[in-house]
Amino acid sequence: MFAKLQYLASLLLIGCPLIWAGQPTLHVAAPQLRQPIPQQELHAQGQGTAVIFIGGFGDEISGIIPHMLRYLPPLSKRECRAYYHWHAGCPQSVDDGATTLARHIEDYRRYNPAADVVIIGHSMGASMALRTAHLLRREDGRLFLITLDPADRSYTPQRPPAVIWWGNAYVVNSQSNHDYIAQLGGRWNKCQGADNNIRFDGRDADEAGLLYIHDNAFSLMMSRGLGRHPSLNDLLKQQLRKEGQDSPEDAKSTPKLPPRPINTR
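Notes on the structure in this doc start here. (Residues numbered from 1 in each chain as written. Predicted model: local features only at pLDDT ≥ 70, side-chain atom pairs only at ≥ 80, totals over all residues. Heavy atoms only, no water.)

Observations concerning the pattern of salt bridges
Side-chain pairing between opposite charges can occur once the charged atoms of the two side chains come close.
Here is step 1: The tally for this structure, following the rule as stated, stands at 12 salt bridges.
Here is step 2: Here Asp 152 makes a salt bridge to Arg 131, at a shortest N to O gap of 2.9 Å. Taken together, the residues Asp 152 in the loop between strand E4 (143-148) and strand E5 (163-172) and Arg 131 in helix H5 (residues 124-133) connect sequence positions 21 residues apart.
Here is step 3: A salt bridge links Asp 140 to Arg 137; the nearest nitrogen and oxygen atoms lie 2.8 Å apart.
Here is step 4: Overall, the relative accessible area of 27% leaves Asp 140 in the partly exposed class.
Here is step 5: By relative accessible area, which is 47% here, Arg 137 ends up partly exposed. (Salt bridge = Lys/Arg side-chain N within 4 Å of Asp/Glu carboxyl O. Helix = DSSP H or I, 4+ residues; strand = E, 2+ residues; numbered from the N terminus. Buried < 20%, exposed > 50% of the residue type's maximum accessible area, 1.4 Å probe, protein only.)

So, the nonpolar core
Here is step 1: With 33 residues, the main nonpolar core has Leu 42, Ile 52, Ile 54, Tyr 84, Ile 105, Ile 119 and Leu 143 as its most contacted residues.
Here is step 2: Those elements giving two or more residues to this core turn out to be strand E1 (49-54), strand E2 (79-84), helix H4 (94-111), strand E3 (117-122), H5, E4 and E5.
Here is step 3: For this core, the element with the most residues is H4, which contributes six residues.
Here is step 4: Dropping the residues within four chain positions of it, Ile 105 is found in contact with Leu 42, Ile 52, Val 117, Ile 119, Thr 132 and Leu 136.
Here is step 5: By size, the runner-up hydrophobic cluster in this structure holds 29 residues, among which are Phe 53, Ile 65, Ala 217 and Leu 235. (Core = buried A, V, L, I, M, F, W, Y, C linked by side-chain atoms within 4.5 Å. Contact = heavy atoms within 4.5 Å.)

Digging into the environment of Gln 47
Here is step 1: The topology assignment puts Gln 47 in the loop between helix H1 (2-15) and E1.
Here is step 2: Gln 47 gets classed as partly exposed once you look at its relative accessible area, which sits at 49%.
Here is step 3: Setting aside residues up to four positions removed in sequence, Gln 47 forms contacts with Arg 78, Glu 79, Cys 80, Tyr 108 and Asn 112.
Here is step 4: For Gln 47, the side chain forms a polar contact with the side chain of Arg 78, separated by 3.1 Å. (Polar contact = N/O pair within 3.5 Å; in protein donor to acceptor, adjacent residues only side chain to side chain.)

Observations regarding the sheet that holds E1
Picture the strands of a sheet paired through backbone hydrogen bonds; they go either parallel or antiparallel.
Here is step 1: Pairing is parallel across the open sheet formed by six strands, whose spatial order is E2-E1-E3-E4-E5-E6. A single partner strand is all that each edge strand has here, and the edge strands are E2 and strand E6 (196-201). For this sheet, the mean angle separating the axes of adjacent strands, direction not counted, is 15°.
Here is step 2: The pairing of E1 with E3 spans five bridges and is classified as parallel. The residue of E3 that forms the bridge with Val 51 is Val 118.
Here is step 3: Packed onto the sheet, helix H3 (residues 64-71) meets E1, E2, E3 and E4 and runs at close to 170° relative to E2.
Here is step 4: H5 contacts E1, E3, E4 and E5 of the sheet and is inclined by roughly 145° relative to E3. (Pairing = 2+ DSSP bridges. Axes fitted to C-alpha atoms, helices over the stretch in contact; angles between N-to-C directions.)

Quick notes on the packing of H4 against H5
Between two packed helices, both the angle of their axes relative to each other and the distance between the axes serve to describe the pair.
Here is step 1: Put simply, H4 and H5 touch, their axes get as near as 8 Å, and they point 60° apart. As summarised for this structure, H4 and H5 are arranged oblique, according to the angle between their axes. For the element pair H4 and H5, the recorded crossing hand is right-handed. Residue-level inspection shows Val 94, Asp 95, Gly 97, Ala 98, Leu 101, Ala 102 and Ile 105 of H4 in contact with H5, the latter providing Met 128, Arg 131 and Thr 132.
Here is step 2: Classifying every residue of the contact of H4 with H5 by side-chain character gives six nonpolar, two polar and two charged. (Parallel < 35°, antiparallel > 145°, perpendicular 65-115°, else oblique. Left-handed = near helix turned anticlockwise from the far one by under 90°. Nonpolar A, V, L, I, M, F, W, Y, C, P; charged D, E, K, R; others polar.)

Set out below in structure tokens:
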């Protein structure tokens, strides 16, 4: 069932014009099915801070989170990055996917008992991140969670005991006609268990001049709302620096938001 829905979503995402409110319309001449972006699983032999990115529904076609993985500045001097789909390769059961990812994190920690783990999830990927965090133990190491406009009508968000810090960003008053996907999925908006909730208004623009929308996950992570508040990236790095963890980036530097790729929905 999930596989059929993903296929239909891929047709929709590729075949429709990409329309950003207040931005030029980008037309696709004809539907062209692309090969799904493969997962880049966390290897147990990696070293340093483990930064795990989890895409939302259809992300393996649209490439929203791989775009973030490519452009997000390093969070520590040594880190190991990984990319998972919202089901972690188990589309028949999201819970099975969470179990798979939790096992990969546990294997990583056996080789790196002092390593921090950061999970960044977007949309349905945020639900996957939360489900995974509930399967991990606090005593095994520091776990940080970022949820970017999370959506999952079938799951009620509750703070996982293993999480040291949880940052959440969400969009209201979206001006994009593509946000109906998130609305249908069931947006969580403000999460009561999060340490920081950042609200972005879809009628406003980020530092790069693009309106805040569900699919602009990189901006939800990096934007400071034109200087009105710290970004989730700033807040995360502040938490990582506690207890002696260092970060190569100065949180006070101006974030640089790269241009959006044409192939995102």
